[in-house]
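Read off the chains here:
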Amino acid sequence: MGLVIGRYAAVTDPGRRRRHNEDSYVCAPPLFAIADGMGGAQAGELASRLAKTAIEESAGGAVDEDGVAGAIQSANARVFERALQDPSAAGMGTTATVALVDEREAMVRLGHVGDSRAYRYRGGELEQLTVDHSLVGELIRSGRLTEDEAAVHPHRSVITRALGTEPDVDVDMTSTDLAPGDLLLLCSDGLSAMVRDADIARVVEAQGLDPQRAAEALVGAANAAGGIDNVTVVLVELVEGEPGERRVASPVSEGEIPDTSELERTEEDVARHGAGKGSRWPALLLVLGLIAATAFVLWWSFLA
Ligand code: MN
């Protein structure tokens, strides 16, 4: 037996201090991604949303490391060109962390720019797979700052590399092995800046490694710790199976859907969100109908 993607879930939340949610995510198995936008007014939302759309459009062709890098480059071009055309979006940018699960090779192919992280959870341990492109990340790596100092640093959210600010972007690529029982976790800094790695692992375990429950609990933990930034979590379970075999559909929670009504929400997005929610309706209606019919028959028989 090999490795296949099991259940997966994504939850996003504006947090407790911000009105807008500038985070976006992609769940297009075997491709998953997070983008955390930045920019004035609503440019941050626009940047992460443009990156999300570009990554989703590239998902079908992204079958290896080059595909992952290509998806990020096309997202970069999309954001950069829009920022050139639209003065209100000048200077906008976004992080992008893209994970392609290669079931046949039992590997994850990761590409990233910025400080949105990828982790592998394995047997109680959480291992960070990405290197933060952030000011505090660089200070930690050069030995000038400790993790604890970084956690409270006033400039901890400053990133040193972003998507959309230059015509080309330097993408960090890395690959790591995966095994059945592992979880792949992608998150924005709204989680990693609020909840320590060891606590993230504990929360995931407390939820029995259930991606949906764990993602909700992690967002809850970030909010309980202050929720100073938007929080987004994507969790993917890896299980034993025959690579390439049809997977059981996994419900994906939209969490709290960011209010992007002012932005260009495409018909396709609306259709997809609608389909996700709507697919559970027929069964629910059938059950409600049966209950109503039973109640009516009982009521009728009492009268008679
Ligand atoms: Mn953030």
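Before reading on, note that the structure itself is shown above.
For the structure given in this document, a descriptive report is provided here. Each chain has its residues counted from 1, running along the sequence as written. It should be noted that, the model being predicted, local features are given only for residues of pLDDT at least 70 and side-chain atom pairs only at 80 or more, the latter also being counted only at that level, while totals for whole chains, interfaces and linings use all residues. Here the side-chain values reflect all heavy atoms present in the structure, with hydrogen atoms and water set aside.

## Observations concerning the coordination of the manganese ion
Move 1: Any N, O or S atom lying within 2.8 Å of the metal counts as a donor, with the limit raised to 3.2 Å for Na, K and Ca; because water is left out of the atom set, some sites can appear incomplete. The coordination sphere of the manganese ion contains the protein donors Asp-36 (OD), Asp-189 (OD) and Asp-229 (OD), at a distance range of 2.1 to 2.2 Å.
Move 2: All donors to the manganese ion come from one chain, and their sequence spacing reads D-x152-D-x39-D. In this pair, Asp-189 sits in helix 5 (residues 189–192) while Asp-229 sits in the loop between helix 7 (211–224) and strand 11 (231–241), placing the two residues 40 residues apart along the sequence. This pair shows no difference in class: Asp-189 is buried, exactly as Asp-229 is. Secondary structure is summarised from DSSP: a helix means a run of H or I of at least four residues, a strand means a run of E of at least two, and numbering begins at the N terminus for each. Burial classes follow relative accessibility: with a 1.4 Å probe on protein chains only, a residue under 20% of its type's maximum area counts as buried, one over 50% as exposed, and anything between as partly exposed.

## Focus on the sheet that holds strand 11
Move 1: The criterion for strand pairing is that DSSP finds at least two bridges linking the strands in question. One open sheet holds the five strands; their spatial order is 1-11-10-7-8, and the pairing between them is antiparallel. Of all the strands in the sheet, just strand 1 (2–13) and strand 8 (125–128) have a single pairing partner and so form its edges. Here the strands of the sheet are splayed against their neighbours by 20° on average, with no regard to which way each runs.
Move 2: Pairing of strand 7 (residues 117–122) with strand 10 (residues 183–187), which is carried by five bridges, proceeds in the antiparallel orientation. Looking at strand 10, one finds that Ala-118 is bridged to Leu-186.
Move 3: Two residues qualify as a contact provided that any one of their heavy atoms is within 4.5 Å of a heavy atom in the partner residue. The convention used is that axes are lines fitted to C-alpha atoms, helices contributing only their stretch in contact, and that angles between N-to-C directions extend from 0 to 180 degrees. Across the sheet, helix 6 (residues 197–206) lies against strand 7, strand 8 and strand 10, angled at about 55° from strand 7, the strand it touches most.

## Some thoughts on the packing of aromatic side chains
Move 1: Only the six-membered ring of Trp is used, alongside the rings of Phe and Tyr, when aromatic pairs are assigned; centres must lie within 6.5 Å, and planes under 30 degrees apart are stacked while those over 60 apart are edge-to-face, with the rest tilted. Scanning the model with the defined rule gives one aromatic pair in all.
Move 2: Consider the rings of Tyr-8 and Phe-32, whose centres lie 5.4 Å apart with planes at 70°: the pair is edge-to-face. With a gap of 24 residues between them, Tyr-8 in strand 1 and Phe-32 in strand 3 (residues 31–38) connect regions that are remote in the sequence.
Move 3: Residue Tyr-8 is classed as buried on the basis of its relative accessible area of 12%.
Move 4: The residue whose ring lies beneath Lys-52 is Tyr-25, and the NZ or CZ to ring-centre distance is 5.4 Å. Note on criteria: charge over ring means Lys NZ or Arg CZ within 6 Å of the ring centre, with the direction from the centre no more than 35 degrees off the ring normal.

## Some details on the layout of surface pockets
Move 1: Considered as a void within the structure, the largest pocket measures approximately 940 Å³ in volume.
Move 2: Elements supplying a minimum of two residues to the lining of the largest pocket: strand 3, helix 3 (135–141), helix 4 (147–151) and helix 5.
Move 3: Residue polarity follows a fixed list, in which Ala, Val, Leu, Ile, Met, Phe, Trp, Tyr, Cys and Pro are nonpolar, Asp, Glu, Lys and Arg are charged, and the others, Gly among them, are polar. For the lining of the largest pocket, a count of residues per class yields 12 nonpolar, nine polar and 14 charged. Points on a 1 Å grid over protein atoms alone make up a cavity when a 1.4 Å probe fits among them but cannot get out, and a pocket when they form an open set with protein on both sides within 12 Å along at least five of seven lines; lining residues each have an atom within 4 Å of a point. Grid points are joined across faces, edges and corners, and a volume is the space filled by probe spheres set on the points.

## Some words on the nonpolar core
Move 1: Core analysis: the biggest nonpolar cluster contains 27 residues, and Leu-31, Ile-55, Ile-72, Met-92, Val-98 and Leu-163 have the highest contact counts within it.
Move 2: The element best represented in this core is helix 1 (residues 43–58), accounting for seven residues.
Move 3: When residues no more than four places from it in sequence are discounted, the contact partners of Leu-163 are Ala-51, Ile-72, Ala-75, Asn-76, Val-79, Met-92, Gly-93, Thr-94, Ala-96, Val-113 and Val-169.
Move 4: In terms of nonpolar packing, the next biggest core, distinct from the first, is built from 22 residues, Val-203, Ala-214, Ala-215 and Leu-218 among them. Remark: nonpolar core denotes a set of buried residues (Ala, Val, Leu, Ile, Met, Phe, Trp, Tyr, Cys) joined through side-chain atoms within 4.5 Å.

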